[in-house]
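# Chains, contacts and geometry: an overview
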Amino acid sequence: MPMSQMLGYIMVLGVGVAVLIAGGELLVRGAVTLADRLGIKPVVIGLTVVAFGTSAPELALNFTAALRDNTGLCYGNIVGSNIANVGLVLGLCALLKPLKVATSVIRRELPLMLIATFVTMGLLILPTDSGCWSAGALTGAEGGVMLALFLVVLWMIFQGARRESQSESYEAEVRDMGAAVKRAAFAGPCVLVLVGMAGLVFGGRLSEMGASGLAQEMGISDGVIGLTIVALATSLPELVTSVIAVRRGHVDLAVGNVVGSNIFNLLFVLALTSMVHPIDVPTGGRVELAVMALLSLLLWPMSRTGGSTVSRLEGLTLLAVYAGLMVWIVMQTVAPVGVAP
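Given the structure is predicted, the values throughout are model-derived calculations rather than measurements.

As a further point, take a nonpolar patch on the surface. On the surface, Leu92, Leu95, Leu313 and Leu316 cluster together into a nonpolar patch covering about 350 Å² of accessible area. Looking at the nonpolar patch, the elements that each hand over two or more residues are α3 (71-96) and α12 (312-334). Within the element layout of this structure, leucine 316 appears in helix α12.

So this is what it looks like as structure tokens:
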């Protein structure tokens, strides 16, 4: 295959990812503006609207890939994105500044993320219809169970935030905003949301085309491409959002954004994808599942010790786990090269 064609696939992938990121940014801005004008509490925005917005690239890419039966890319994108969110995003943020984790996140959202992680793992590694434990798949029915759990999780987050918002200052703020909401112009934010969604759909299609073509030309599985290049690229919104939050002193929002995004990725994005097409666990996929679970488990004690703060050393640990997995994936990919059949 000519080098020009491979470069063409790289360009398509790059443009697709750029459109994904731009679309996600527009969607987040529009959604956050609408939520703010409706008087929704910031912590709820971070855990729901922003988390959904930063997970939108994964949703767009997975949906288009599933329609084309490219389940290896779907699997690698979600699992790889969740690994990157904790290992890379929170690891880098903790290196910039120790992350003080909000009590509500420790008490409610982190346990919910762990539940989502292990429920997904359990469903993915269940034996297939043939009873073989060496392979697994996430079926549409199992995806429906995950979506039901997602609705329960959302209800718990909103109920918890509602109880915590029963303060005079917040109630006064909502009352003051009441009249303003009636006068507020919603056309601008709505346009941002619509344009952002269109960008996500278009970018998802381009990214899937570029990633699949590149994987085929390089002799690399779609799952590996999804776990590395695509997962890292679609995690950029989480990285940018979290770094900005840390630089502005809102370090708890960095953790909330990642935790919320991981929940959305598993219980919403992966669940919806499986209802379009069953998601098979690729060869070596259980290793990535184990690393995803390990990082999630590490975050639990890290956020509860040292004054509920993820320290720089702990951030370095998260980064080391992420880097170790990337090295392992690369070694597994290049190992067959030059080996006699």
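Relative to the helices and strands, glutamate 109 resides in helix α4 (residues 103-125). In this structure the side chain of glutamate 109 is engaged in a polar contact, spanning 2.7 Å, whose partner is the side chain of arginine 108.

All right, on to the pattern of salt bridges then. By the definition in use, this model includes one salt bridge. Glutamate 109 is paired through a salt bridge with arginine 108; the nearest N and O atoms lie 2.7 Å apart. Classification of glutamate 109 by relative accessible area gives buried; the value is 0%. For arginine 108, a relative accessible area of 11% gives the class buried.

Let us look at unusual backbone geometry. Most peptide bonds take the trans configuration, and most residues that are not glycine carry a negative phi. Positioned with a positive phi, aspartate 69 is a non-glycine residue whose angle comes to about 60°. With a phi close to 55°, serine 308 is a non-glycine residue in the positive phi region. Turning to its location among the elements, serine 308 is positioned in the loop between α11 (285-304) and β4 (309-310).

Our next topic: the packing of α4 against α11. One can describe the packing of α4 onto α11 by two numbers: an axis separation of 11 Å at closest approach and a directional angle of 165°. Here α11 runs roughly antiparallel to α4, going by the angle between their axes. In the crossing of α4 with α11, the sense of the turn from one axis to the other is left-handed. Judged by residue contacts, Ile106, Leu110, Pro111, Met113, Leu114, Thr117, Phe118, Met121, Leu124 and Ile125 of α4 engage Arg286, Leu289, Met292, Ala293, Ser296, Leu297, Leu299, Trp300, Ser303 and Arg304 from α11. For the contact of α4 with α11, the residue count by class is 15 nonpolar, three polar and two charged.

It is worth spelling out α11 at this point. With 20 residues, α11 should cover 28 Å at 1.5 Å per step; its first-to-last C-alpha distance of 30 Å lies within 8% of that length. Listing the buried residues of α11 in full gives Gly285, Glu288, Leu289, Val291, Met292, Ala293, Leu295, Ser296, Leu299, Met302 and Ser303. Taken from the residues just after α11, glycine 306 is the one with a positive phi, measuring 60°.

Looking now at the packing of aromatic side chains. The way to describe two aromatic rings as a pair is by their centre distance and the angle between their planes. If you walk through the whole model with that rule in mind, you get three aromatic pairs. The interplanar angle of 75° and the centroid separation of 5.1 Å between the aromatic rings of phenylalanine 150 and phenylalanine 264 together place this pair among those described as edge-to-face. Residue phenylalanine 150 is found in helix α5 (residues 140-164), and its partner phenylalanine 264 is found in helix α10 (residues 251-276); the two are separated by 114 residues along the sequence. Accessibility assignment for this pair places phenylalanine 150 and phenylalanine 264 in one class, buried. Seen from their ring centres, phenylalanine 264 and phenylalanine 268 are 6.3 Å apart, and the 70° between their planes marks the pair as edge-to-face. Of this pair, phenylalanine 264 and phenylalanine 268 both sit in helix α10, separated by four residues, roughly a single helical turn. Classification of phenylalanine 268 by relative accessible area gives buried; the value is 19%.

Next up on the list: the environment of alanine 116. Mapping alanine 116 onto the fold places it in helix α4. Judged by relative accessible area, alanine 116 falls into the buried class, the value being 1%. Through-space distance from the C-alpha of alanine 116 to that of phenylalanine 264 is 9.3 Å; in sequence the pair is 148 residues apart. Leaving out residues up to four positions away in the same chain, alanine 116 has contacts with Leu266 and Leu267.

The next point concerns the side chain of threonine 273. Along the chain, the position of threonine 273 falls in helix α10. Looking at threonine 273, the relative accessible area reads 1%, which means it is buried. Among all residues touching threonine 273, those that are not within four sequence positions of it are Asn62, Ala66, Cys74 and Ile279.

What counts as what
Residues numbered from 1 in each chain as written. Predicted model: local features only at pLDDT ≥ 70, side-chain atom pairs only at ≥ 80, totals over all residues. Heavy atoms only, no water. Patch = residues over 30% accessible without salt bridge, like charges linked within 9 Å, V, L, I, M, F, W, Y side chains within 5 Å. Areas by Shrake-Rupley, 256 points an atom, 1.4 Å probe, with all protein chains shown as cover. Salt bridge = Lys/Arg side-chain N within 4 Å of Asp/Glu carboxyl O. Helix = DSSP H or I, 4+ residues; strand = E, 2+ residues; numbered from the N terminus. Polar contact = N/O pair within 3.5 Å; in protein donor to acceptor, adjacent residues only side chain to side chain. Buried < 20%, exposed > 50% of the residue type's maximum accessible area, 1.4 Å probe, protein only. Axes fitted to C-alpha atoms, helices over the stretch in contact; angles between N-to-C directions. Parallel < 35°, antiparallel > 145°, perpendicular 65-115°, else oblique. Left-handed = near helix turned anticlockwise from the far one by under 90°. Contact = heavy atoms within 4.5 Å. Nonpolar A, V, L, I, M, F, W, Y, C, P; charged D, E, K, R; others polar. Expected span 1.5 Å × (residues − 1). Phe/Tyr/Trp six-rings, centres within 6.5 Å; stacked < 30°, edge-to-face > 60°.

By themselves, these are just geometric observations and shouldn't be taken as functional.
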